[in-house]
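Now for the letters of each chain:
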Amino acid sequence: MNINRTINPSYIILEFLEVAIHNILYCRKLYPEGIFTLKKKYGVPIHVSMYPDLNYYISESLKAVEEVLMKNELKEMDIYIYDRLAKPIERFVFKINSLRQNIKEIGNDDPYFVKLKEMFRAFCLKLNLNNAYMKPLPEDANFKIVIHTNERASISLSDDPKFQVFPWIEAEKVDVIIETPKLIPIKTIEHDTFNLLIYSE
């Protein structure tokens, strides 16, 4: 993402979600370690995929996330992990509340988002520890990115020509229900710009 755009809270969230997706895929071993390269973000090492097809899926998914986020219509973004029978077995939840888009309305407690980036750093560090509480995934596991929004935004995404090549489909309940989930809190980010609750099941 364009670094010059990160002064907008929405782009800061998008950048963080991109980092989170790549690192969850790495930590949960959904892809071979060899397709990831090591970079530095928020003052810590992160893993970023170099696999074009995977990066295309993540990039196109984040375009839709951006579309609804900029309109304050994004309630939640989930990373669902499925077994070979397409049964959901695990998910990571990013629940967004109280997003304030207008940077001029935000207080001066953290004008350069230093505190916010420290919170992102803490998430990256805690993500590795989270693995200790989760069972290894089956070798043939796969994942999907799911967004929760309102009906108006859902219709808008379906009708928007930008998303005709990469269409969004409303999920059936059976596709997103995990049997007997165990909730594992990962990080709560509270900031002047937004609140973000992150946990796994």
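As a reminder, the structure under discussion sits directly above these lines.
These numbers were taken from a predicted model, which means no experiment stands behind them.

Caption draft 1: Representation of the sheet that holds strand S5 (residues 142–149) in the model. If you walk across this open sheet you meet the five strands as S5-S3-S4-S7-S6, and the pairing is antiparallel. The sheet terminates laterally at S5 and strand S6 (184–190), the two strands that pair on one side only. Recorded for the sheet is a direction-independent mean angle of 15 degrees between the axes of neighbouring strands. When strand S4 (residues 88–97) meets strand S7 (residues 195–200), the two strands line up antiparallel, connected through six bridges. Looking across to S7, one finds that Lys 95 is bridged to Leu 197. Running at roughly 165 degrees to S4, helix H1 (residues 9–27) makes contact with strand S3 (74–82), S4, S5, S6 and S7 of the sheet. Here helix H3 (residues 114–130) sits on the sheet in contact with S4, S6 and S7, set at roughly 175 degrees to S6.

Caption draft 2: Structural context of the nonpolar core. Within the largest apolar cluster, 53 residues are counted, with the highest numbers of intra-cluster contacts made by Phe 16, Met 77, Phe 92, Phe 94, Phe 123 and Ile 189. The leading source of residues in this core is H1, at 13 residues. Those residues within four positions of Phe 92 in sequence are excluded, and the remaining contacts are Ile 24, Arg 28, Met 77, Asp 78, Ile 79, Ile 81, Leu 127, Asn 130, Met 134, Ile 186, Tyr 199 and Ser 200.

Caption draft 3: Geometry of the packing of H1 against helix H2 (residues 52–69). Relative orientation of the contacting elements H1 and H2 amounts to 150 degrees, with a least axis distance of 10 Å. Of the possible angle classes, the one that applies to H1 and H2 is roughly antiparallel. Crossing of H1 over H2 shows right-handed handedness. Seen from H1, the contacting residues are Ser 10, Tyr 11, Ile 13, Leu 14, Leu 17, Glu 18, Ile 21, His 22 and Leu 25; seen from H2, they are Leu 54, Asn 55, Ile 58, Leu 62, Val 65, Glu 66 and Leu 69. Residue composition of the contact of H1 with H2, by class: 11 nonpolar, three polar and two charged.

Caption draft 4: Spotlight on the packing of aromatic side chains. Applying the stated criterion across every chain yields a total of nine aromatic pairs. Seen from their ring centres, Phe 16 and Phe 94 are 6.4 Å apart, and the 70 degrees between their planes marks the pair as edge-to-face. Here Phe 94 lies in strand S4 and Phe 16 lies in helix H1, a separation of 78 residues in the sequence. Using a relative accessible area of 0% as the deciding quantity, one classes Phe 16 as buried.

Caption draft 5: Inspection of the packing of H1 against H3 at higher detail. One can describe the packing of H1 onto H3 by two numbers: an axis separation of 10 Å at closest approach and a directional angle of 10 degrees. Between H1 and H3, the crossing angle belongs to the class labelled roughly parallel. Touching Ile 12, Phe 16, Val 19, Ala 20, Asn 23, Ile 24 and Cys 27 of H1 are Leu 116, Phe 120, Phe 123, Cys 124, Leu 127 and Asn 128, all from H3. Here the contact of H1 with H3 is built from residues that sort into 11 nonpolar, two polar and no charged.

About the thresholds
Residues numbered from 1 in each chain as written. Predicted model: local features only at pLDDT ≥ 70, side-chain atom pairs only at ≥ 80, totals over all residues. Heavy atoms only, no water. Pairing = 2+ DSSP bridges. Helix = DSSP H or I, 4+ residues; strand = E, 2+ residues; numbered from the N terminus. Axes fitted to C-alpha atoms, helices over the stretch in contact; angles between N-to-C directions. Contact = heavy atoms within 4.5 Å. Core = buried A, V, L, I, M, F, W, Y, C linked by side-chain atoms within 4.5 Å. Buried < 20%, exposed > 50% of the residue type's maximum accessible area, 1.4 Å probe, protein only. Parallel < 35°, antiparallel > 145°, perpendicular 65-115°, else oblique. Left-handed = near helix turned anticlockwise from the far one by under 90°. Nonpolar A, V, L, I, M, F, W, Y, C, P; charged D, E, K, R; others polar. Phe/Tyr/Trp six-rings, centres within 6.5 Å; stacked < 30°, edge-to-face > 60°.

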